[in-house]
Amino acid sequence: MKISRSIPLILLVAAVTQGCVSSKQYAALQTSYNKSVDTNRDIKHSWQVTQQELLGSQNENKNLRDQLAANRASADALIASAKANNATLQDALNKCLAGNSQGNVNIAKLADQINASDSYIRHLVELKNKSDSLNQVLTNNLTRSLSPDEMKDVDIKVLKGVVYISLSDNMLYKSGSYMISDKAGTTLSKVAKIINDYSNYDVLIEGNTDNVPISQPNIRNNWDLSTLRASSVVQALQNNYGVDPKRLTAGGRGEFNPVASNSSDGGKSLNRRTQIIITPKLDQFMALIGKDPGKQ
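Every chain begins its residue count from 1, and numbering advances along the sequence as written. Local features in this predicted model are restricted to residues whose pLDDT is 70 or higher, and side-chain atom pairs enter the listing and the counts only when it is 80 or higher, whereas totals over whole chains, interfaces and linings include all residues. To get the side-chain values, all heavy atoms of the structure are used, and hydrogens and water are removed first.

Below, the discussion takes up the overall build of the protein chain. We count a stretch as a helix when DSSP gives it H or I for four or more residues in a row; a strand needs E for two or more, and each element gets its number in order from the N terminus. On a plain count of helices and strands, the protein chain comes out with nine helices and five strands. Ordered by position from N to C terminus, the α and β elements of the protein chain give α-α-α-α-β-β-α-α-β-α-β-α-β-α. Working definition: with a 1.4 Å probe on protein chains only, accessible area under 20% of the residue-type maximum means buried, over 50% means exposed, and in between means partly exposed. Looking at the protein chain as a whole, 25% of its 296 residues qualify as buried. In this description, contact between two residues means that some pair of their heavy atoms is separated by no more than 4.5 Å. Taking contacts inside the protein chain between residues at least 6 apart in sequence as the whole, the part at least 24 apart equals 67%. Using the Shrake-Rupley algorithm and a 1.4 Å probe, accessible areas are obtained, with residue cover drawn only from the displayed protein chains. Approximately 19700 Å² of the protein chain is accessible, and the part contributed by carbon and sulfur atoms is 56%.

This is the structure in structure tokens:
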């Protein structure tokens, strides 16, 4: 590179010193020299770019080789694992056949039991999916039937296949009493309609209180208050809204099933509630359990 760049300069110097170069020739030589300088610069830049591209290609090639080696190692490990698992299964099968003259019969019986169990599990999954769908429809229907004001006193949840309808005591009862208030009628009628529409479900009415003690002539403590309130709701559903009493159960949990801290008025308000718990009929569930092929 340096030799080719110097030749035009030498010629130019020699020609000038000898005094035999015209202005026109001098300009031509200067132009040729400038072109040589530009060409040399372009060649040098091209060489640098080529070197960078070469380095990048070498790095990319190394990364690809490393990735290929890792993929090969992973594939080899998977193949080895599969072969080991297959060998283990084959060994277990050989031992089963060799250790018992009735091996084939036992294997066939085991296969039948596995198939029966699989069928039972699929049946349970189908029932669960059906129950979940019904619970969702029930919840949606009740939510749509309630007004925004009514929804302030009603909380609806589905937990583990069970529908929980929580009613605040401010809406449901007269103050300090277990008697149903007049303003609760509209909300209870809508809840009762949902209960009647889903006749294959049992209904548990559960009363809950805060931890503030109560003492009245006919109410000894919060156990009494929570149970009496649940009983009032059960009787209202039966007598006023035609719910089959065989489907109803009343229970009280006093102050011992809180959903919030009783250290604040807001927490106490949340704990003073009556829950209507809608569940699949227990006898149907037990009958289903009795069909488990693993218990036969």
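Estimates place the volume of the second largest pocket at around 470 Å³. Every residue lining the second largest pocket is counted, 21 residues in all, and those nearest its centre are Asp 155, Ser 166, Val 259, Leu 270 and Arg 273. Those elements that place two or more of their residues in the lining of the second largest pocket are strand S1 (154-159), strand S2 (162-168), helix H5 (169-172), helix H8 (265-271) and strand S5 (273-280). Here the term charged refers only to Asp, Glu, Lys and Arg, the term nonpolar to Ala, Val, Leu, Ile, Met, Phe, Trp, Tyr, Cys and Pro, and the term polar to all other amino acids, Gly among them. Here the lining of the second largest pocket is composed, by residue class, of seven nonpolar, seven polar and seven charged. Think of a 1 Å grid over the protein atoms and nothing else: a 1.4 Å probe that fits but is trapped marks a cavity, an open set flanked by protein within 12 Å on at least five of seven lines marks a pocket, and residues with an atom within 4 Å of a point count as lining. Grid points are joined across faces, edges and corners, and a volume is the space filled by probe spheres set on the points.

Pairing of aromatic rings covers Phe, Tyr and Trp, the last through its six-membered ring, and needs centres within 6.5 Å; plane angles under 30 degrees mean stacked, over 60 mean edge-to-face, and all others mean tilted. A complete count under the given rule lists two aromatic pairs for this structure. Centroid distance Tyr 198 to Tyr 201: 6.1 Å. Interplanar angle 85 degrees. Geometry classified as edge-to-face. With relative accessibility at 6%, the residue Tyr 201 sits in the buried group.

If DSSP finds at least two bridges between two strands, the strands pair. The five strands are arranged S1-S2-S5-S3-S4 in an open sheet whose pairing can be described as mixed. Edge positions in the sheet fall to S1 and strand S4 (248-252), since each has one partner strand and no second. Put simply, the sheet's adjacent strands are angled 20 degrees from each other on average, direction ignored. Direction of pairing for strand S3 (residues 201-208) relative to S4: parallel, over a ladder of five bridges. What sits directly across from Glu 206, in S4, is Gly 251. The angle between two axes is taken between their N-to-C directions and runs from 0 to 180 degrees, where each axis is a line fitted to C-alpha atoms and a helix contributes only its stretch in contact. Lying on the sheet, helix H7 (residues 222-241) is in contact with S3, S4 and S5; it crosses S4 at an angle near 160 degrees.

At a minimum axis distance of 10 Å, the contact between helix H6 (residues 185-197) and H7 shows a crossing angle of 75 degrees. The angle between H6 and H7 falls in the class roughly perpendicular. Where H6 abuts H7, its residues Gly 185, Leu 188, Ser 189, Ala 192, Ile 195 and Asn 196 lie against Val 233, Ala 236, Leu 237 and Tyr 241. Here the residues of the contact of H6 with H7 are counted per class, giving seven nonpolar, three polar and no charged. Throughout, the term roughly parallel applies to angles under 35 degrees, roughly antiparallel to angles over 145, roughly perpendicular to angles from 65 to 115, and oblique to all others.

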